[in-house]
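Structural description and commentary
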Amino acid sequence: DYTIAISEDWIHQNKLKGLQTDRLSFVIDANLDKTREATITFESVDKSLRQVVTISQEGKDDLEAKSRAVLVELYEALGGDGWTRKTNWCTDAPINTWEGVAFVNGVVLDLNLSQNNLSGAIPDCLFELKGLEHLMMGENNLTGTLSPRFAELTSLKSLSLYQNNIEGNIPAEWA
């Protein structure tokens, strides 16, 4: 026998019906604000056993601020002042109005910077865009090698880097 204590009202225990007694389920309300944290504490009735689970949930506003910072860093690292197309980049305008950026529900989904006079090596900040599905950077002046960190972009469905000055082999981590 045990008790469950939930520290915040945005987490609810889902009461399962049926014969199962070893499965617990919780529902977490959508977070449209700032990052938040709560705990779920499980404790035996005799207080001899205790387990605390911490739940952290990023808010939509925080996700947008992080995405904005990453995109500005990318712009600066790839010679953004010399880009051919850069409408709204590095402004306070909504991210989904930045040219070549598809931004949905706090996530950069697509980044189309092909034929845009990008220069330099692809910076590590790019790999912070974990929800990125499509990355088009073909026909630019990118240099360096292909980073094994592309494997961290687990949502990536398409990648276009043709006609650049990137050297080396495809890293084994991509497999």
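Described below are features of the structure shown in this document. (Residues numbered from 1 in each chain as written. Predicted model: local features only at pLDDT ≥ 70, side-chain atom pairs only at ≥ 80, totals over all residues. Heavy atoms only, no water.)

1. Some thoughts on the overall build of the chain
Each helix and strand counted, the chain has 1 helix and 12 strands in total. The linear arrangement of helices and strands in the chain, starting from the amino end, is β-β-β-β-β-α-β-β-β-β-β-β-β. A buried classification covers 32% of the 175 residues belonging to the chain. Carbon and sulfur atoms make up 48% of the accessible area of the chain, which amounts to about 10,600 Å² in all. Side-chain charges of the chain comprise 15 positive and 26 negative groups, with the mean position of each set lying 6 Å from the other. (Helix = DSSP H or I, 4+ residues; strand = E, 2+ residues; numbered from the N terminus. Buried < 20%, exposed > 50% of the residue type's maximum accessible area, 1.4 Å probe, protein only. Areas by Shrake-Rupley, 256 points an atom, 1.4 Å probe, with all protein chains shown as cover. Lys, Arg positive; Asp, Glu negative; His and termini not counted. Charge placed at Lys NZ, Arg CZ, Asp CG, Glu CD.)

2. Quick word on the nonpolar core
Among the nonpolar cores identified, the biggest contains 29 residues, and L71, W89, V101, L111 and L126 are the most heavily contacted of them. Among the elements of the structure, α1 (60-77), β6 (101-104) and β7 (107-112) are those that each provide at least two residues to this core. In terms of residue count, the dominant contributor to this core is α1 (4 residues). Residue contacts for L71: discarding those within four places in its chain leaves W89, I95, W98, V101, V108, L111 and L129. (Core = buried A, V, L, I, M, F, W, Y, C linked by side-chain atoms within 4.5 Å. Contact = heavy atoms within 4.5 Å.)

3. Considerations on the environment of N88
Looking at the secondary structure, you find N88 in the loop between α1 and β6. In this structure, the C-alpha to C-alpha distance between N88 and W98, residues 10 residues apart in sequence, is 4.8 Å. Leaving out residues up to four positions away in the same chain, N88 has contacts with A93, T97 and W98.

4. Here we look at the sheet that holds β6
Either a parallel or an antiparallel arrangement is found when strands of a sheet pair, and the pairing is made through backbone hydrogen bonds. Spatial ordering of the open sheet is given by β6-β7-β9-β11, a layout of 4 strands whose pairing is mixed. Single-partner strands in this sheet number two, and they are β6 and β11 (158-160). Taken pair by pair, the neighbouring strands of this sheet meet at an average axis angle of 15°, ignoring direction. The pairing of strand β9 (residues 134-136) with β11 spans 3 bridges and is parallel. Counterpart to L135 in the pairing with β11 is L159. (Pairing = 2+ DSSP bridges. Axes fitted to C-alpha atoms, helices over the stretch in contact; angles between N-to-C directions.)

5. Considerations on unusual backbone geometry
Of all residues except glycine, most have a negative phi; of all peptide bonds, most are trans. Unlike most non-glycine residues, C90 shows phi in positive territory, near 65°. Of note, C90 is situated in the loop between α1 and β6. One non-glycine residue, Q163, lies in the positive phi region at around 50°. In this fold, Q163 is placed in the loop between β11 and β12 (165-167).

6. Considering the sheet that holds strand β1 (residues 2-6)
The strand order across the open sheet built from 3 strands is β1-β4-β5, with neighbouring strands paired in antiparallel fashion. Lying at the two open borders of the sheet, with one neighbouring strand each, are β1 and β5 (50-57). Each strand of the sheet is rotated relative to its neighbour by a mean of 15°, with strand direction disregarded. As judged from the 8 bridges shared by strand β4 (residues 36-44) and β5, these two strands associate in the antiparallel manner. Looking at the pairing, E43 lines up with R50 of β5.

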